[in-house]
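Notes for the structure review
One letter stands for each residue in the lines below.
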Amino acid sequence: MLFQRSDLPMEERIKDLISRLTLEEKVSQLLYDSAAIPHLGIPEYNWWNECLHGVARAGTATVFPQAIGMAASFNAPLLQQVAEVIATEARAKHHEAARHGDRGIYKGLTFWTPNINIFRDPRWGRGQETYGEDPYLTAQLGIAFVKGLQGDHPKYLKAAACAKHFAVHSGPESLRHSFDARCSQKDLYETYLPAFRALVTEAKVESVMGAYNRTNGEPCCASPTLLQKILREDWGFEGHVVSDCGAIHDIHAHHKVTGSPEESAALAVKNGCDLNCGRVYPALVEAVAQGLISEEEIDRALARLLRTKFKLGLFDPEEEVPYAQIPYEVVACDEHRSLAREMARQSMVLLKNENNLLPLSKELKTVAVIGPNADSRKVLLGNYFGTSSQLVTALEGIRRKLEPNCRVLYAEGCDLTTTRPGYWGNSPREGFAEALAVAERADAVIMCMGVSPDLEGEEGAAANSDGGGDRLTLELPGMQNELIKEVAALGKPLVLVLFSGSPLAVTWAQENVPAIIQAWYPGEEGGNALADIIFGDYNPAGRLPITFVKSLDQLPPFTDYSMEGRTYRYLKEEPLYPFGYGLSYTSFTYSNLQAPAELNIGEELVVQVDVENTGARAGDEVVQLYIRHRDASAAVPHHSLQGFARIRLEPGEKRTVTFRLAPRQLAVFDEEGRCLVEPGAVELLAGGSQPDARSEELTGQKPLLGQVLLVGETLELPR
């Protein structure tokens, strides 16, 4: 049969295979658990797999830090390396499972990752899955992840990546099946779409997943605007589109846009949703009979899906597919574990270090480790995780670092959430005495607090969330604040470590605790990475990929999708910790910002800046370049990130960092969503943080300021 011949052109093979299928067989291939076709020798294939921060839900795999933590590394090349390792383990696991006859769920090569939605509101439980609040950072990290996952072979994909959830999707979780996310054309094209556009046009992502919600009235998984006009016509997307799980059912059951499964299935396929994660597409057979959709339209969707399977080598002999030769022994190997530790170290953010309390000396005689997250394995994982061969908690990492020369005392102190006496009268403060006892006996205290994946995540997955997966408050839950205050009152050297996938409002701690580290959900090596930082074997340089506000009072309502008042680009009030902020154990000085005084509209802008390590320790610096429009015809952000680079410098070492900005990066978006490069002055701001007053207050440094004058006629770029 022609479709089995690997020497023939792919399109010829696809055409031959489709010609051999009945309508019922075609429809069976449009479901996530596509059926076997025995008479053609085609095995079943389950399209659903996950690898947000390591191969997930399929047994043993290396568990890297949660996505929001990896974003805090501000290190796209390292993220690409992580994705390459994930794809390597994915291939090894897939082929080994298939050799043993297992082709079930989470065993395929089509991964529904990365999540490149904009983390616009800190309440959103799934914000932990994203790369933060900034469109440019999200795009660059997303491109790196997709390239790493898909590989660079001229014929075969290593694995297929998927950009999700398209589009304008970021909570509330409890409303996602019926919610209509309304936003302006300006916000759509300026904030919500750029990362998707970049992954399609630059990274050549193989798949896109539609969101549950409607966007401006149209169900995303059947939206002619999103799937037809923007994705395929404007951006030239050639891959396949998959629905989120159950989203096609939502079209008639909750959005009430259609009246039956047949109508929903037909509407979705006609508008470009090729694959159904759910059980609605079997209705396509009846939909054809009712004249709602043609068999040719089903063929078009099927061809897109088959194209992905051919590109993965699923119809070719194993010996012809180089990735099929990856040995199973690479899974969770020492080299991959070492990379997980490095990514965890790069992800952690030093938020405060009064009087250089950190790093602590390894010569201490007694250290107290206190808190509900100190020995928790859940907080290493976040959501969408695999099974680690060894999880290292904060307590274990600190013990490995210090014992036997130092005694490490441990007390849980309190649990994460309890504030009331239990059924038998157990006080929510019952662990305080023990915590205070160990703190009193210690030379230094490390408190591991925060939240956990039980309190934030996806609808139905975060068991103890007070908001259906989302959080209703940003405060530390339970009795944590009270415990921190009582321990702090002892006056011991105190380090507060926060575990979370989203911002926490720790205003009291910022004012009263000398050292604070944001550890995120740091993966299987999180405890070792944390100990490396606390005791000086690693110099932290992570940066916040999302703004930490002081309280929810600073934000618009959760359901308001306007960007006004949101993220560092449009926030109206002073935050607790700004986007792009993070401290180091050394100091860096910026000088010699260079850019042309004038630039013709349509040309690339080259910006250079010198960075010198002026401290006593080697360390990384995250160099950030922001632009600010002075003469724009439309409303613009306060400033916006358009370049970043993480570099390592020895003490006294100086390096020139070069940024190259495409014309699109100098554009403004008007109310109609048009992308315009206009004549006028553009300010350039380079430093280790964003150019806002709060960052300057926290770091004691002001970014360098330059300016370029754009000259010529206004240029409208494709959206």
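An account of the accompanying structure is given in this report. A quick note: this is a predicted structure, and the numbers were derived from the prediction, not measured. (Residues numbered from 1 in each chain as written. Predicted model: local features only at pLDDT ≥ 70, side-chain atom pairs only at ≥ 80, totals over all residues. Heavy atoms only, no water.)

What follows covers the overall build of the protein. Of the regular secondary structure elements, the protein holds 21 helices and 25 strands. For the protein, the spread of C-alpha atoms along the principal axes amounts to about 75 × 70 × 50 Å. When burial is assessed residue by residue, the protein has 65% of its 719 residues classed as buried. For the protein, the share of sequence-separated contacts (at least 6 apart) that also reach a separation of at least 24 residues comes to 77%. (Helix = DSSP H or I, 4+ residues; strand = E, 2+ residues; numbered from the N terminus. Buried < 20%, exposed > 50% of the residue type's maximum accessible area, 1.4 Å probe, protein only. Contact = heavy atoms within 4.5 Å.)

Spatially, β21-β22-β25 is the arrangement adopted by the 3 strands of the open sheet, whose pairing is antiparallel. Two strands in the sheet have a free side with no partner beyond their single neighbour: β21 (668–669) and β25 (715–717). Pairing geometry for strand β22 (residues 675–677) and β25, over 3 bridges, is antiparallel. Considered in β25, the bridge of Val-677 is made with Leu-715. (Pairing = 2+ DSSP bridges.)

For the rest of this paragraph, the subject is the environment of Leu-698. By secondary structure assignment, the location of Leu-698 is in helix α21 (residues 693–699). The spatial distance from the C-alpha of Leu-698 to the C-alpha of Tyr-581 is 8.5 Å, given a sequence separation of 117 residues. Sequence-distant contacts of Leu-698, that is, excluding residues within four places in its chain, are made with Gln-510, Leu-576, Tyr-577, Pro-578, Tyr-581 and Leu-583.

The next point concerns a negative patch on the surface. Taken together, the side chains of Asp-375, Glu-412, Asp-415 and Glu-430 make up a negatively charged region of the molecular surface. Among the structural elements, Glu-430 can be located in the loop between β11 (407–411) and α16 (432–440). Relative accessible area serves as the criterion here: at 57%, Glu-430 is assigned to the exposed category. (Patch = residues over 30% accessible without salt bridge, like charges linked within 9 Å, V, L, I, M, F, W, Y side chains within 5 Å. Areas by Shrake-Rupley, 256 points an atom, 1.4 Å probe, with all protein chains shown as cover. Salt bridge = Lys/Arg side-chain N within 4 Å of Asp/Glu carboxyl O. Lys, Arg positive; Asp, Glu negative; His and termini not counted. Charge placed at Lys NZ, Arg CZ, Asp CG, Glu CD.)

Enumeration over the complete set of coordinates arrives at 20 aromatic pairs. Their ring planes at 85° and their centres at 6.0 Å tell us that Tyr-568 and Tyr-626 sit as a pair that is edge-to-face. Remark: Tyr-626 occurs in strand β18 (residues 619–629) and Tyr-568 occurs in helix α20 (residues 567–570); sequence separation between them is 58 residues. Of the aromatic side chains, those joined through ring pairs into one cluster are Phe-74, Tyr-136, Tyr-568, Phe-579, Tyr-626 and Phe-644. Positioned over the ring face of Tyr-384 is Lys-164, at 5.1 Å from the centre of the ring. (Phe/Tyr/Trp six-rings, centres within 6.5 Å; stacked < 30°, edge-to-face > 60°. Lys NZ or Arg CZ within 6 Å of the ring centre and 35° of its normal.)

End to end, helix α4 (residues 76–99) covers 35 Å across 24 residues, agreeing with the expected 34 Å (1.5 Å per residue, within 8%). With 18 of 24 residues buried, α4 lies mostly within the body of the structure. The N-terminus of α4 is capped by Asn-75, whose side-chain oxygen sits 3.1 Å from the backbone nitrogen of Leu-78. Backbone geometry just downstream of α4 places Gly-101 in the positive-phi region, at approximately 80°. (Expected span 1.5 Å × (residues − 1). Polar contact = N/O pair within 3.5 Å; in protein donor to acceptor, adjacent residues only side chain to side chain.)

Per the counting criterion, the structure on display carries 55 salt bridges. Residues Arg-279 and Asp-33 are paired through a salt bridge, measuring 2.8 Å at the closest nitrogen-oxygen approach. With Arg-279 in the loop between α10 (261–270) and α11 (284–289) and Asp-33 in strand β1 (residues 33–34), this residue pair connects regions lying 246 residues apart in the sequence. Residue classification places Arg-279 among the exposed residues on the basis of a relative accessible area of 57%. When its relative accessible area of 27% is taken as the criterion, Asp-33 is described as partly exposed.

Here we come to the packing of α4 against helix α5 (residues 135–150). One way to put it is that α4 packs onto α5 with a least axis distance of 7 Å and a crossing angle of 30°. What the angle tells us is that α4 and α5 run roughly parallel. In the crossing of α4 with α5, the sense of the turn from one axis to the other is right-handed. Taken together, the residues of α5 that come into contact with α4 (itself represented by Ala-76, Leu-79, Gln-80, Ala-83, Glu-84, Ile-86 and Ala-87) are Gln-140, Leu-141, Ala-144, Phe-145, Lys-147, Gly-148 and Leu-149. (Axes fitted to C-alpha atoms, helices over the stretch in contact; angles between N-to-C directions. Parallel < 35°, antiparallel > 145°, perpendicular 65-115°, else oblique. Left-handed = near helix turned anticlockwise from the far one by under 90°.)

Take unusual backbone geometry next. Residue Lys-164 is joined to His-165 through a cis peptide bond whose omega torsion reads -5°. Within the fold, His-165 resides in strand β3 (residues 162–166). Each neighbour pair has its own omega, and for Phe-166 with Ala-167 the value is 5°, a cis peptide bond. Among the secondary structure elements, Ala-167 is positioned in the loop between β3 and β4 (180–181). Although it is not a glycine, Lys-204 adopts a positive phi angle of roughly 55°. Among the secondary structure elements, Lys-204 is positioned in the loop between α7 (194–201) and β5 (207–210). Note on Lys-204: relative accessible area 55%, which makes it exposed. Positioned with a positive phi, Ala-332 is a non-glycine residue whose angle comes to about 60°. Along the polypeptide, Ala-332 turns up in the loop between α12 (295–311) and α13 (334–347). Here Ala-332 falls in the buried class, since its relative accessible area comes to 17%.

On to the pairing of strand β14 (residues 515–518). Judged by which residues are buried, β14 turns out to be covered on both faces: Ala-515 and Ile-517 on one side and Ile-516 and Gln-518 on the other are all buried. As paired elements, strand β9 (residues 349–353) and β14 share 4 bridges and run antiparallel to each other. Note on β14: the bridge partner recorded for Lys-352 is Ile-516. Inspection of the sheet shows strand β13 (residues 494–499) paired to β14 by 4 bridges, in the parallel sense. Of the residues in β14, the one forming a bridge with Leu-496 is Ile-516. As for the winding sense of the linkage, the β-α-β connection from β13 through helix α18 (residues 507–512) to β14 is right-handed. (Right-handed = clockwise from strand over helix to strand, strands pointing away.)

Turning our attention to the nonpolar core. Counting residues in each nonpolar core, the largest one holds 153 residues, and the members touching the most others are Trp-112, Leu-149, Phe-166 and Tyr-281. Contacts of Phe-166, omitting those with residues within four sequence positions, involve Leu-193, Phe-196, Val-208, Met-209, Gly-210, Ala-211, Cys-220, Leu-226, Leu-227, Ile-230, Leu-231 and Trp-235. (Core = buried A, V, L, I, M, F, W, Y, C linked by side-chain atoms within 4.5 Å.)

What follows deals with the side chain of Arg-197. On the secondary structure map, Arg-197 appears in helix α7. Buried within the structure, Arg-197 lacks any salt-bridge partner; Glu-202 is the closest side chain of opposite charge, at an N-O distance of 5.8 Å. Side-chain polar atoms of Arg-197 contact the backbone oxygen of Arg-719, separated by 3.2 Å. If near-sequence neighbours (up to four positions away) are discounted, Arg-197 is found in contact with Glu-202, Trp-235, Arg-664, Pro-718 and Arg-719.

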